[in-house]
Amino acid sequence: MTGPIEQEMRQLLSAAFAPTALNISNDSASHSGHTGDDGSGESHFTIEVESAAFTGVSRVQRQRMIKAALGDIPGQRVHALAIRARAPGE
C-alpha cells in the first residue's frame, strides 16, 4: 500500500519528467526508531527514475532537479531520500 506522500511524489515526478521508468520504494520500516523516524511510516524513500530530461545532465544536477520538483517534501516532510536518476540507455 502506498501512502499519501509516496503518491504525491509519484505525481510530481511524473508531471515534471515524463519518466520512462519510475520506482519509489518506502524504506521507512527499516529505519523505525532511528533518527528522522516520525512514526508516520513515510520518512525514508528510494527513488529510481529514468527520463530523457536527464540526458547530458550530471548526477548532481539530476538530484537537484528531482528535489526541486518535489518542493518541500525532501528535508521537511521526508527525512531521507536515496535518488537514482538516469537517462534512457544508461
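Residues numbered from 1 in each chain as written. Predicted model: local features only at pLDDT ≥ 70, side-chain atom pairs only at ≥ 80, totals over all residues. Heavy atoms only, no water.

**Details of the sheet that holds strand S2 (residues 44-50)**
Spatially, the three strands line up as an open sheet ordered S1-S2-S3, and their pairing is mixed. Both edges of this open sheet fall to strand S1 (21-26) and strand S3 (80-86), since each of them pairs with a single strand only. Within the sheet, the average angular offset between the axes of one strand and its neighbour, ignoring direction, is 10 degrees. In this structure, S2 lies alongside S3, joined through seven bridges in parallel fashion. Among the inter-strand pairings, Val49 is bridged to a residue of S3, identified as Ala85. Contacts between helix H1 (residues 4-17) and the sheet are confined to S1, S2 and S3, with S1 contributing the most and set at about 160 degrees to the helix. (Pairing = 2+ DSSP bridges. Helix = DSSP H or I, 4+ residues; strand = E, 2+ residues; numbered from the N terminus. Axes fitted to C-alpha atoms, helices over the stretch in contact; angles between N-to-C directions. Contact = heavy atoms within 4.5 Å.)

**Digging into the nonpolar core**
Judged by nonpolar contacts, the single largest core of 16 residues is most densely connected at Met9, Leu13, Ile47, Phe54, Ile66 and Leu70. Of all the secondary-structure elements, those providing two or more residues to this core are H1, S2 and S3. If we ignore the near neighbours within four places in the chain, the residues touching Phe54 are Phe17, Val49, Arg62, Met65, Ile66, Ala85, Arg86 and Ala87. (Core = buried A, V, L, I, M, F, W, Y, C linked by side-chain atoms within 4.5 Å. Buried < 20%, exposed > 50% of the residue type's maximum accessible area, 1.4 Å probe, protein only.)

**Examining the environment of Val57**
Tracing the backbone through its elements, the reader meets Val57 in the loop between S2 and helix H2 (59-69). Sequence-wise, Val57 and Ala87 are 30 residues apart; in three dimensions their C-alpha atoms are separated by 8.7 Å. If we skip the residues at most four places from it in the chain, Val57 touches Arg62 and Met65.

**Concerning the packing of aromatic side chains**
Two aromatic rings, taken as a pair, are described by how far apart their centres are and by the angle between their planes. For the structure shown, the criterion picks out one aromatic pair. Ring geometry for Phe17 and Phe54: centres 5.1 Å apart, planes at 40 degrees, overall tilted. With Phe17 in helix H1 and Phe54 in the loop between S2 and H2, this pair connects stretches of sequence that are 37 residues apart. (Phe/Tyr/Trp six-rings, centres within 6.5 Å; stacked < 30°, edge-to-face > 60°.)

**Brief notes about H1**
An α-helical turn contains 3.6 residues, so any two residues separated by three or four positions project in the same direction. Taking 1.5 Å as the rise per residue, H1 with 14 residues should run 20 Å; its terminal C-alpha atoms sit 20 Å apart, in good agreement. When we look at burial in H1, the residues that qualify are Ile5, Glu6, Met9, Leu13 and Phe17. Across the axial projection of H1, the buried residues extend over an arc of 100 degrees, all falling on one side. Within H1, the exposed residues directed more than 90 degrees away from the buried face are Pro4, Gln11 and Ala15. Against the buried residues of H1 lie S1, S2, H2, helix H3 (73-77) and S3. Phi turns positive, to about 40 degrees, at Ala18, one or two residues after H1. (Expected span 1.5 Å × (residues − 1). Arc of directions from axis to C-beta.)

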